[in-house]
Amino acid sequence: MRSEDTVFVGGPLDGRVLPVLVGATGRPPKTYEVPVPLPEEEGGGKTVHVYRLEPASVTRRLGLPRGWKYVYAPDARPGANRPKWPWRHPAR
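For every chain, the first residue of its written sequence is number 1, and the numbers climb from 1 along that sequence. Where totals are concerned, whole chains, interfaces and linings use all residues; where local detail is concerned, this predicted model gives features only for residues with pLDDT of at least 70, and gives and counts side-chain atom pairs only at 80 or more. To obtain the side-chain values, all non-hydrogen atoms of the structure were used and water was disregarded.

Points about the environment of P37
Here is the rule we go by: Helical segments are the DSSP runs of H or I of at least four residues, strand segments are the runs of E of at least two, and each set is numbered from the N terminus. Buried means the residue's accessible area, taken with a 1.4 Å probe over protein chains only, is under 20% of the maximum for its type, while exposed means over 50%, and partly exposed covers the values in between.
Mapped onto the fold, P37 is located in strand β3 (residues 31-37). Residue classification places P37 among the exposed residues on the basis of a relative accessible area of 63%. Measuring from C-alpha to C-alpha, the distance between P37 and T47 comes to 6.3 Å, with 10 residues separating the pair along the chain.

Overview of the environment of T47
Counted only if it meets this: Any two residues whose heavy atoms approach within 4.5 Å are treated as being in contact.
With respect to the element layout, T47 can be found in strand β4 (residues 46-55). Considering only alpha carbons, one finds T47 and P35, 12 residues apart in sequence, at a separation of 5.8 Å. When near neighbours in sequence (up to four residues on either side) are disregarded, T47 contacts V34, P35, V36 and L38.

Quick word on the pairing of strand β5 (residues 68-72)
Every other side chain in a regular strand lies on the same face of the sheet, so the side chains alternate between the two faces. This is how the line gets drawn: Each pair of strands is called paired provided DSSP finds at least two bridges between the two strands.
Inspection of the sheet shows strand β1 (residues 3-9) paired to β5 by 3 bridges, in the parallel sense. Paired with V7 across the bridge in β5 is K69. With 5 bridges connecting them, β4 and β5 associate as antiparallel partners. Looking across to β5, one finds that P55 is bridged to W68.

Quick notes on the pattern of salt bridges
The criterion, for reference: The salt bridge criterion pairs a side-chain nitrogen of Lys or Arg with a carboxyl oxygen of Asp or Glu, the two atoms within 4 Å.
In the structure shown here, the tally under the stated rule is 1 salt bridge. For E4, the salt bridge is made with R2, and the minimal N-O distance between the two is 3.9 Å.

See the structure below:
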């Protein structure tokens with residue numbers, strides 16, 4: 001699998017550049033979730049920070065994305081962008 005160094009903006013990973021696996025088209029996933037364990041004083045468990053993919057810049061003529069960056073999304077729910085089972089019937 002191929003990876004691409006991607007910049008993170010905002011949140012706990014602000015300013016870091018991490019390698020992110022890319023798909024067959026060369027594009028990273030739409031969201032990136034970072035689980036962070038809570039201290040034992042706060043009951044343990046973990047909190048999840050969500051980042052959304054945005055183009056880092058675009059070309060002048062065609063407007064095509066040139067590189068990618070992840071931007072912190074504090075209002076996003078973890079797991080909301082995961083693919084659903086395509087042939088599952090909705091709850092009745």
